[in-house]
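# Observations on the three-dimensional arrangement
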Amino acid sequence: MAGQKIKAVVLDIEGTVCPISFVKDVLFPYSLHALPSVLSTQWDSPSFAPFRDAFPAEARTSPAAFEAHVHDLTAKDVKIAYLKGLQGYLYQHGYATGALKTPFFRDVAPSIKRWKEDSRGLMVGIYSSGSISAQKLLFRYAALDTAASATTNAASSSASKGALTESKGAENEEENEAEEKKGTETEDLTPLLSAYYDTTTAGYKAESSSYTYISRDLDLAPEEILFLSDSVKEVVAARAAGLRAKVVVREGNPVLSDEEMEQAVENGEEIVTSLEDVDV
Ligand SMILES: CSCCC(=O)C(=O)COP(=O)(O)O
């Protein structure tokens, strides 16, 4: 795609930048686990009220009815704005306490950095069904690549051992502590991102009008935007609005049907398995 004047890359989240299993098996269960205590302590609090009041009246008759409705929507993976808003509210505590960290695919942070460092200074944005506040948390608390950290630590550790004639026990202890800390640290990727869209701002992801909205909001022509998603429906909708769009295939994603495969490669757009292979 080199020389095709891409000025912004817009990324989907689930199954594109992080595994579907992180969303379904970690984030969603976390929200359900956190909910009862929030309902019993914050049902009438001003901070929780906007999230509660966004739910339909019949789900707000009692905390128990509310909880049952949230369980039902979550089990069905309904991507409705009021559930997504609530989830974002519930995730805050999990990320702040270190219970949640986002396991981005290894190519994600280096690719976003490469696009940003490009001489054109590409804009990078997010478009997800998850609420904008949940998107910001997800990118604010990126799990550091522990394997890469371990390699770096091992290399610097053996280099320093070679330079020193004797290694002291206290120094080794410090090194071990630093190594352990690395495993729990997070990296804030939000400074790399300049736009966030969810269904409350752009609309539903399978509708082409949502991508027209994004292109107008970014003040770019549709063909100057590259959208990357694991969802063929979303890619088809983005292309219908005139955006460039590619299907991302990741380990753990459902296998594409023959029909989806055909739609995915329409107009010669290839399927990508790593953002590092995306030529802008
Ligand atoms: C940003 S929070 C986790 C993602 C989420 O809740 C979701 O529904 C994922 O939707 P996407 O459109 O990114 O596939």
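Residues numbered from 1 in each chain as written. Predicted model: local features only at pLDDT ≥ 70, side-chain atom pairs only at ≥ 80, totals over all residues. Heavy atoms only, no water.

Under an unreviewed UniProt entry, the chain has the name 2,3-diketo-5-methylthio-1-phosphopentane phosphatase and belongs to Xylona heveae.

### Digging into the site of the ligand
Residues in close proximity to the ligand total 13 residues, the closest being K79, K84, S128, S129 and K205. Residue S129 places a main-chain N or O atom 2.9 Å away from an oxygen atom belonging to the ligand. In the environment of the ligand, an oxygen atom lies 2.6 Å from a nitrogen or oxygen atom belonging to the side chain of K205. Protein chains bury 97% of the 400 Å² of accessible surface belonging to the ligand in isolation. (Near = heavy atom within 4 Å. Polar contact = N/O pair within 3.5 Å; in protein donor to acceptor, adjacent residues only side chain to side chain. Areas by Shrake-Rupley, 256 points an atom, 1.4 Å probe, with all protein chains shown as cover.)

### Thoughts on the pairing of strand β6 (residues 225–229)
Summarising burial for β6: five of the five residues are buried, a large majority. Covered by surrounding structure in β6 are I225, F227 and S229 together with L226 and L228, the residues of both alternating faces. By the bridge criterion, four bridges tie β6 to strand β7 (residues 244–247) in an arrangement that is parallel. Within β7, the position partnered with L226 by the bridge is R244. Each parallel crossover has a hand, and for β6 linked through helix α10 (residues 232–240) to β7 it is right-handed. (Buried < 20%, exposed > 50% of the residue type's maximum accessible area, 1.4 Å probe, protein only. Helix = DSSP H or I, 4+ residues; strand = E, 2+ residues; numbered from the N terminus. Pairing = 2+ DSSP bridges. Right-handed = clockwise from strand over helix to strand, strands pointing away.)

### Here's the deal with the packing of aromatic side chains
The tally for this structure, following the rule as stated, stands at 13 aromatic pairs. Aromatic pair F55 and F66: ring centres 4.4 Å apart, planes at 45°, arrangement tilted. Of the two residues, F55 is situated in the loop between α2 (49–53) and α3 (63–75) and F66 in helix α3; the sequence distance between them amounts to 11 residues. The two residues F55 and F66 agree in class, both being buried. In textbook terms, an aromatic cluster arises when at least three aromatic residues are bridged by ring pairs, as seen for W43, F48, F51, F55, F66, Y82 and Y89. If you follow K205 out to its NZ or CZ, it ends over the ring of Y127, 5.4 Å from the centre. (Phe/Tyr/Trp six-rings, centres within 6.5 Å; stacked < 30°, edge-to-face > 60°. Lys NZ or Arg CZ within 6 Å of the ring centre and 35° of its normal.)

### Remarks on the domain arrangement of the chain
For the chain, the assigned domains read domain 1 (8–18 + 102–144 + 187–277) and domain 2 (21–97). Relative placement of domain 1 and domain 2: their C-alpha centres are 26 Å apart. Between domain 1 and domain 2, a total of about 1200 Å² is buried, with carbon and sulfur atoms accounting for 69% of that surface. Of all residues in domain 1, E14, S129 and L137 give up the largest surface area on contact with domain 2, accounting jointly for 39% of the area buried on that side. If you look at where domain 1 meets domain 2, you find two salt bridges. (Domains from an automatic or database assignment. Buried area = accessible area lost by both parts, 1.4 Å probe. Salt bridge = Lys/Arg side-chain N within 4 Å of Asp/Glu carboxyl O.)

### Looking at the sheet that holds strand β5 (residues 195–197)
A sheet is described by the order of its strands in space; here five strands give the open sequence β5-β2-β1-β6-β7, paired in parallel fashion. Because the sheet does not close on itself, it has two edges, and the strands there are β5 and β7. Neighbouring strand axes in the sheet, compared pairwise and without regard to direction, differ in orientation by 20° on average. As paired strands, strand β1 (residues 8–11) and β6 are joined by four bridges and run parallel to one another. Note on β6: the bridge partner recorded for V9 is L226. Taken strand by strand, α10 contacts β6 and β7, and its axis lies near 165° from that of β7. (Axes fitted to C-alpha atoms, helices over the stretch in contact; angles between N-to-C directions. Contact = heavy atoms within 4.5 Å.)

### Points about the confidence of the model for the chain
The predicted model of the chain averages 88 in pLDDT, with 85% of residues at 70 or higher. Across residues 146–170, confidence stays below pLDDT 50; counting only partners more than four residues off in sequence or on other chains, it has 13 contacts. Model confidence for the complex: the whole-complex pTM is 0.87, and ipTM, which rates the interface, is 0.98. (pLDDT = per-residue confidence, 0-100.)

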